[in-house]
Amino acid sequence: MSRINPSILAADFVNMQRDLERIATADYVHVDVMDNHFVPNLTFGPQMVGRIQDVSPIPLDVHLMIDDVDRWAPDYARLGAFSVTFHAEATEHPIELARTLRSLGSRAGIAVKPGTPVEPYLDYLAEFDQFLVMTVEPGFGGQSFMSETMAKVERVRSAVRDAETDVWLQVDGGIDRSTIGIAKAAGADTFVAGSAVFGAGEASENIAALRAAAHDHRHDV
Ligand SMILES: O=C(CO)[C@H](O)[C@H](O)COP(=O)(O)O
Ligand SMILES: [Fe+2]
């Protein structure tokens, strides 16, 4: 099973509804919220994400790259996001926050930057619905895939298998037709792609090509 989640960080922000319709064949729309504090870039907040929720043909996979996540993350669950992922580096209470998000009807995701170890969270996997291993430093689209993060993907995959729990393993950053197979082989099942979907060519064809590249991989299950 491979999920393809286009990142609207690479969409045209003044033609957002049009670009959301262009990715209707994808699984979830990945919505990057940045506050210019947690990362050195700024996108949008709950008002814009609420409108995206209103018009999107597919459910929202919100990726919060913000401080004060205990304060803000519940608002994204309340507006109806399918999934809300916060960074482990942004909270001292990840389990409590995940429980709050679930109680509000959203899936709860935890994300780690490339330099953040995954081990502290592996004993609590059942508290989360998604584990996001960043494959670039968060903040900007169009960066190169960091293959050294694959060791962490393998570690999370193995812990998910041992725990016999159904946690989706997401990768985000530099995913394209060549790197998707590497991430899949390491154990990822949910793939965020911005430039590779909204860059050259038709978005729907790019989504189909990413699906094919993930399934072509010889370690596919
Ligand atoms: O979280 C992100 C950046 O922090 C984006 O989701 C990610 O970078 C997608 O863009 P691309 O596929 O172009 O790398
Ligand atoms: Fe993201």
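Residues numbered from 1 in each chain as written. Chains lettered and ligands numbered in written order. Predicted model: local features only at pLDDT ≥ 70, side-chain atom pairs only at ≥ 80, totals over all residues. Heavy atoms only, no water.

- The chain is annotated in an unreviewed UniProt entry as Ribulose-phosphate 3-epimerase from Antiquaquibacter oligotrophicus.
- Checking UniProt for the chain, the heading Catalytic activity (unreviewed entry) contains the comment "D-ribulose 5-phosphate = D-xylulose 5-phosphate".
- Regarding the chain, the relevant UniProt record gives this comment under Function (unreviewed entry): "Catalyzes the reversible epimerization of D-ribulose 5-phosphate to D-xylulose 5-phosphate." (UniProt positions renumbered as here; feature names shortened; annotations may be inferred.)

## A few points about the coordination of the iron ion (ligand 2)
Move 1: Summarising the metal site, the iron ion (ligand 2) is bound by the protein donors His30 (NE2), Asp32 (OD), His63 (ND1) and Asp172 (OD), whose distances to it range over 2.0 to 2.3 Å.
Move 2: Geometry at the iron ion (ligand 2) is octahedral, judged from the six donor atoms that bind it and their angles of 72 to 177° at the metal.
Move 3: All donors of the iron ion (ligand 2) belong to a single chain; written as a sequence motif, their spacing is H-x1-D-x30-H-x108-D. With histidine 63 in strand S3 (residues 60-65) and aspartate 172 in strand S7 (residues 168-172), the pair connects residues that are 109 residues apart, well separated along the chain. (Donors = N, O, S within 2.8 Å, 3.2 Å for Na, K, Ca; no water. Tetrahedral: all angles 85-135°; square planar, octahedral: opposite > 155°, others 65-115°. Helix = DSSP H or I, 4+ residues; strand = E, 2+ residues; numbered from the N terminus.)

## Quick word on the UniProt feature "active site" (unreviewed entry) in the chain
Move 1: Mapped onto this numbering, the UniProt entry annotates "active site" (unreviewed entry) at Asp32 and Asp172. On the basis of their most widely separated C-alpha atoms, the annotated residues across 141 residues gather in one place, lying no more than 10.6 Å apart.
Move 2: Among all residues touching aspartate 32, those that are not within four sequence positions of it are Ser7, Leu9, Thr43, Phe44, His63, Met65 and Asp172.
Move 3: Within the structure, aspartate 32 has its side chain in polar contact with the side chain of serine 7 (distance 2.7 Å). (Contact = heavy atoms within 4.5 Å. Polar contact = N/O pair within 3.5 Å; in protein donor to acceptor, adjacent residues only side chain to side chain.)

## Points about helix H4 (residues 94-103)
Count 3.6 residues to each turn of an α-helix, and residues three or four apart come out pointing the same way.
Move 1: Residues of H4 that are buried include every one of Pro94, Ile95, Leu97, Ala98 and Leu101, and no others. One side of H4 holds all its buried residues, which, seen down the axis, span an arc of 160°. In H4, the exposed positions that point more than 90 degrees away from the buried face belong to Arg99 and Ser103.
Move 2: The secondary structure elements touched by the buried residues of H4 are helix H3 (69-78), strand S4 (83-87) and strand S5 (107-112). (Buried < 20%, exposed > 50% of the residue type's maximum accessible area, 1.4 Å probe, protein only. Arc of directions from axis to C-beta.)

## As for the site of ligand 1
Move 1: Taken together, 19 residues lie near ligand 1, and Asp32, Gly139, Asp172, Gly194 and Ser195 sit nearest.
Move 2: One of the side-chain nitrogen or oxygen atoms of aspartate 32 is found 2.8 Å away from an oxygen atom of ligand 1.
Move 3: The separation between an oxygen atom of ligand 1 and a polar side-chain atom of serine 195 is 2.4 Å.
Move 4: Protein contacts shield 98% of the accessible area of ligand 1, which totals 370 Å² for the unbound molecule.
Move 5: Those elements that place two or more of their residues in the shell around ligand 1 are strand S2 (29-34), S3 and strand S8 (190-193).
Move 6: When residues of the shell around ligand 1 are assigned to their parent elements, the largest contribution, three residues, is made by S2.
Move 7: When the residues that make up the shell around ligand 1 are grouped by side-chain class, the tally is seven nonpolar, 10 polar and two charged. (Near = heavy atom within 4 Å. Areas by Shrake-Rupley, 256 points an atom, 1.4 Å probe, with all protein chains shown as cover. Nonpolar A, V, L, I, M, F, W, Y, C, P; charged D, E, K, R; others polar.)

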